Amino acid sequence: MAENGKSSTEKVPAAAHPLTENPTEIATDINYHVKLNTHFSPFKFEPEQAFFATAESVRNSMGGHFLYFVRDNPKHTYYFSMEFLQGRALTNAIGNLGIENAYAEALNKLGHELEEIVEQVINSSKKPVLVLNCIILMTGNGGLGRIASCFLDSMATLNLPAGGYGLRYKYGLFKQRNTKQGQEEIAEDWLEFSPWEVVRYDLVYPVRFFIYAVLYPGDATESGKLLRLKQQFFLCSASLQDIISRFKDQRGGYTWSEFPSKIAVQLNDTHPTLAIPELMCLPMEDEGLGWDEAWDVTTRTIAYTNHTVLPEALEKWSQPVMWKLLPCHMEIIEEIDIMFLAMVKDTRPDLEYKLPSMCILDHNPPKPVVRMANLCVVSAHTVNGVAQLHSYTLKAELFVVTSLYGPPSSKIRLTALLGGFGFAIQSSFADDANFQDEWASAKMASKRRLASNISCVTGESIDPNSLYDIQVKRIHEYKRQLLNILGAIDRWYLFQNYNVSVAEMLIPGSELSQHISTAGMEASGTSNMKFALNGCLIIGTLDGANVEIREEIGEEIFFLFGARADEVPRLRKYQENRLFEPDPRFEEAKQYIRSGAFGSYDYKPLLDSLEDVIYRYFRDRKRWLKMSILSTVGCGKFISDQTIAQYAKEIWNIQECRVP
Ligand code: H53
């Protein structure tokens, strides 16, 4: 039986509000939602009402898609992520459905501009967001959440039977504000009035913690950690129960052994690792499945993406805490670890010496921990990194264990994609004077849009003819914002609160962007791809996806900076032995910052050698424009549709399920 209670061979009923591309019909539908909306007066049609009515109209026309997935019963992928960093849902949905022009025209008929209503809502109810002039420092979220959302968009674009599971946090991304006292975070109640949420009152699943409200040590950080663990388990357990219940509903009954041919689960980093013991536990406890069968189902279903090689960021949970909160899951994890140790000893005695770092349970006092990444590597059928260099590092240094799994490519795959993208722009356009003019005016329009937003938020006016040089990153030593700040501190003042809507304006409006992390530390970096794709030149180290971007677009249009990954250990040794002499200009800059007198500091000598080259290029407009065009041309490989097509084929084994 299908989800709607009808036999799944029956015809899919027509949607109540079928997807139409006729602007007049769309306008009627929007009006209908204005009149029936329970949030607003039916007699008002301000931008906010227009936004809600439009969103509801689009949402209702999408219902039919799910029914087709139910009817055809294809294999599904479920993307588990603790973070999704969505942009504007309305713009995304309309874009993905290819009905942007029709809705824009319909709204015009009703006296509104599509672009305007999206902006209006953000401006009125959510007081944005903004950016800083040159360096945007983000304290929490990075590329991981944004990649999850891009992937959902690409799944929709590619008509894949796939979706995501995440948590509905009451407070999502906080707003940042800088005051004299330092940074302030302001909670953002983003859930207010979301037209996109659909509550399913009929679906309720018990999430079984075994100590329930007991373990709350006084220490605020500890209780915070425990809450995070509970959130992770909550996500995994509720999502898996939902998936299993959908699986059981399928036509003609089910057998557990076919579960992996119907379902693929992708773990976005280690945060949802508890899906592994939970997928063992649920069928063993509830349906009496044996260990071997449960292990087979789990390992054929779950795949894992690693997003970091930084030891401090590889997630570890305290064993005592896990024993208290999830004793059955700990028993399962312990058993997997025992199995794994025995397997290495049996099949690869030469690797036995590596077991202390490869095993899942690290029993070393004072902090015995569970290494979540190791649990993933041992249990997942496929592990992938997020850039070529990163995947090599994973294989070579972190998870040697994967070479145990047979064929040469082993378990770790490269997500760095093969093959080009059918890009409309040809590199031959790069020298064409007319095309360069068009390119320059498009870039200028984006820069003006950004400048006007900056002026709205900060009161500062920025000359759109100046070079817009932008670094957008989560704060971390390895990303070396400090290095950039040393040069920038006196030039530009920051304005903050970066998010997707800001990125949509900031990235197209920039010409040069900094991606200067220490080589070997950044797994991939994602904004580098977005900047390059938008014709912005990169100054960067040979780290993460910078390597492939440089390869794709050509090394002559990439401003290379700093040491290579294989040189870093030697330089580190050098530094440890105090043989490394930093450039005296760094010492000067540091002293200067200490003196607290930023205002009059002559920063110029600091980055002179580097900037000289860049400014020379920038002044040669034709050359800069050519490089900018070639940067975009070379970036086809980094489109997330490409990545998702590759995941679908190589990891999930799912097919397109097109709605007629
Ligand atoms: O994930 C990005 C990478 C980037 C890496 C980032 C990331 C997070 O945003 C959060 C947690 C984590 O372990 C890693 O730092 O290099 O590009 C997307 O893959």
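Residues numbered from 1 in each chain as written. Predicted model: local features only at pLDDT ≥ 70, side-chain atom pairs only at ≥ 80, totals over all residues. Heavy atoms only, no water.

Our focus in this paragraph is the overall build of the protein. Helix and strand content of the protein: 26 helices and 16 strands. Within the protein, buried positions represent 50% of all 660 residues. Looking at the protein as shown, the accessible area adds up to about 31700 Å², and 54% of this sits on carbon and sulfur atoms. (Helix = DSSP H or I, 4+ residues; strand = E, 2+ residues; numbered from the N terminus. Buried < 20%, exposed > 50% of the residue type's maximum accessible area, 1.4 Å probe, protein only. Areas by Shrake-Rupley, 256 points an atom, 1.4 Å probe, with all protein chains shown as cover.)

Our next topic: unusual backbone geometry. Even without glycine at this site, Asp 269 takes up a positive phi of about 70 degrees. Tracing the chain through its elements places Asp 269 in the loop between β6 (263–268) and α10 (275–287). Asp 269 gets classed as buried once you look at its relative accessible area, which sits at 9%.

As for its position among the elements, Gln 231 is in helix α8 (residues 220–248). Taking the C-alpha atoms as reference points, Gln 231 and Leu 167, 64 residues apart in sequence, are found 8.0 Å from one another. Among all residues touching Gln 231, those that are not within four sequence positions of it are Met 82, Leu 167 and Tyr 169. (Contact = heavy atoms within 4.5 Å.)

It is worth spelling out the nonpolar core at this point. One recurring pattern in soluble globular proteins is that nonpolar side chains are buried together. Counting 60 residues, the largest nonpolar core has Phe 80, Ile 243, Phe 259 and Leu 267 as its most contacted members. Looking at which element gives the most residues to this core, the answer is α8, with 9 residues. For Phe 80, the contacting residues outside a window of four places in its chain are Tyr 165, Cys 236, Ser 239, Leu 240, Ile 243, Val 265, Gln 266, Leu 267, Asn 268, Pro 272 and Ala 275. Residues Ala 387, Phe 435, Ile 614 and Ile 629 belong to the second largest nonpolar core, which totals 45 residues. (Core = buried A, V, L, I, M, F, W, Y, C linked by side-chain atoms within 4.5 Å.)

In this section: the UniProt feature "modified residue: N6-(pyridoxal phosphate)lysine" (unreviewed entry) in the protein. With numbering aligned to this structure, UniProt lists the feature "modified residue: N6-(pyridoxal phosphate)lysine" (unreviewed entry) at Lys 530. Looking at where Lys 530 falls in the secondary structure, it is placed in helix α20 (residues 527–533). Look at Lys 530 and you get partly exposed, because its relative accessible area is 27%. Non-local contacts of Lys 530, meaning those with residues more than four positions away in its chain, are made with Arg 146 and Ile 507. (UniProt positions renumbered as here; feature names shortened; annotations may be inferred.)

With that settled, the discussion passes to the site of the ligand. Around the ligand lies a shell of 15 residues, among which Asp 269, His 307, Arg 474, Glu 522 and Gly 525 are the nearest. One of the backbone nitrogen or oxygen atoms of Leu 144 is found 3.0 Å away from an oxygen atom of the ligand. Burial of the ligand by the surrounding chains reaches 92%, relative to a free accessible area of 430 Å². Looking at which element gives the most residues to the shell around the ligand, the answer is helix α7 (residues 143–157), with 3 residues. Split into classes, the residues belonging to the shell around the ligand amount to 5 nonpolar, 7 polar and 3 charged. Shared between two domains, the shell around the ligand holds at least three residues of each, these being domain 1 (23–128 + 144–417 + 643–652) and domain 2 (427–638). (Near = heavy atom within 4 Å. Polar contact = N/O pair within 3.5 Å; in protein donor to acceptor, adjacent residues only side chain to side chain. Nonpolar A, V, L, I, M, F, W, Y, C, P; charged D, E, K, R; others polar. Domains from an automatic or database assignment.)

Under the definition given, this model contains 16 aromatic pairs. Seen in terms of ring centroids, Phe 247 and Trp 256 are 5.9 Å apart; in terms of plane orientation they differ by 45 degrees. Their pairing is tilted. For the pair Phe 247 and Trp 256, one class covers both residues: buried. Seen from their ring centres, Tyr 647 and Trp 652 are 5.2 Å apart, and the 35 degrees between their planes marks the pair as tilted. Across the ring face of Tyr 468, the terminal group of Lys 447 is positioned such that the distance to the ring centre comes to 4.7 Å. (Phe/Tyr/Trp six-rings, centres within 6.5 Å; stacked < 30°, edge-to-face > 60°. Lys NZ or Arg CZ within 6 Å of the ring centre and 35° of its normal.)

This part is about the pairing of strand β13 (residues 469–474). Burial of β13 is extensive: 5 of the 6 residues sit out of reach of the surface. The pairing of β13 with strand β14 (residues 512–515) spans 2 bridges and is classified as parallel. Its bridge partner being in β14, Ile 470 is matched across the sheet by Ser 513. (Pairing = 2+ DSSP bridges.)

A separate point is the packing of α10 against helix α13 (residues 327–347). Following both chains from N to C, one finds α10 and α13 inclined at 110 degrees, their axes separated by 9 Å at the closest point. Relative to α13, the element α10 lies roughly perpendicular. Regarding α10 and α13, the two cross each other, and that crossing is right-handed. For the pair formed by α10 and α13, the contact residues are Ile 276, Pro 277, Glu 278, Met 280, Cys 281, Met 284 and Glu 285 on the first element and Cys 328, His 329, Ile 332, Ile 333 and Ile 336 on the second. Here the contact of α10 with α13 is built from residues that sort into 9 nonpolar, 1 polar and 2 charged. (Axes fitted to C-alpha atoms, helices over the stretch in contact; angles between N-to-C directions. Parallel < 35°, antiparallel > 145°, perpendicular 65-115°, else oblique. Left-handed = near helix turned anticlockwise from the far one by under 90°.)

With that settled, consider the pairing of strand β1 (residues 76–80). Along β1, 5 of the 5 residues are buried, which leaves the element largely enclosed by surrounding structure. Side chains of β1 alternate between two faces, with His 76, Tyr 78 and Phe 80 and Thr 77 and Tyr 79 buried alike. Bridging between β1 and β6 involves 5 bridges; their strand directions are parallel. Each residue of the ladder has a partner; that of Tyr 78, found in β6, is Val 265. Pairing analysis gives 4 bridges linking β1 to strand β3 (residues 162–165), with the strands arranged parallel.

What follows is about helix α21 (residues 546–553). Those residues of α21 that fall on the buried side of the exposure criterion are Asn 546, Glu 548, Ile 549, Arg 550 and Ile 553. One or two steps after α21, the chain reaches Gly 554, where phi turns positive at roughly 110 degrees.

All right, on to the sheet that holds strand β8 (residues 316–318) then. Read across the sheet, 3 strands follow the order β8-β10-β9 without closing on themselves; strand pairing throughout is antiparallel. Two strands close off the open sheet at either side, each with one partner strand: β8 and β9 (361–362). Note: β9 against strand β10 (residues 369–371), 2 bridges, orientation antiparallel. Along β10, the bridge assignment pairs Asp 362 with Val 369. Packing against the sheet, helix α15 (residues 372–379) makes contact with β8 and β10, and its axis sits at approximately 45 degrees to β10.

Right, let's get into the pattern of salt bridges. Per the stated rule, a full pass over the model turns up 15 salt bridges. Residue Glu 555 is joined to Arg 550 by a salt bridge in which the shortest nitrogen-to-oxygen separation is 3.9 Å. Judged by its relative accessible area of 53%, Glu 555 is exposed. Classification of Arg 550 by relative accessible area gives buried; the value is 18%. (Salt bridge = Lys/Arg side-chain N within 4 Å of Asp/Glu carboxyl O.)

Here we come to the side chain of His 271. The residue His 271 is located in the loop between β6 and α10 in this model. Not counting the four nearest positions on each side in its chain, His 271 is found in contact with Met 82, Leu 144, Arg 228, Gln 232 and Glu 315.

Attention shifts here to a negative patch on the surface. Together, Glu 100, Glu 113, Glu 115 and Glu 116 make up a region of like negative charge exposed at the surface. With respect to the element layout, Glu 100 can be found in helix α5 (residues 100–109). Residue class for Glu 100 comes out partly exposed when judged on its relative accessible area of 39%. (Patch = residues over 30% accessible without salt bridge, like charges linked within 9 Å, V, L, I, M, F, W, Y side chains within 5 Å. Lys, Arg positive; Asp, Glu negative; His and termini not counted. Charge placed at Lys NZ, Arg CZ, Asp CG, Glu CD.)

On to the environment of Ala 93. With respect to the secondary-structure elements, Ala 93 resides in helix α4 (residues 89–97). Remark: the alpha-carbon pair of Ala 93 and Met 62, spanning 31 residues in sequence, is separated by 9.1 Å. Other than its neighbours up to four places away in sequence, Ala 93 contacts Val 58, Met 62 and Trp 196.

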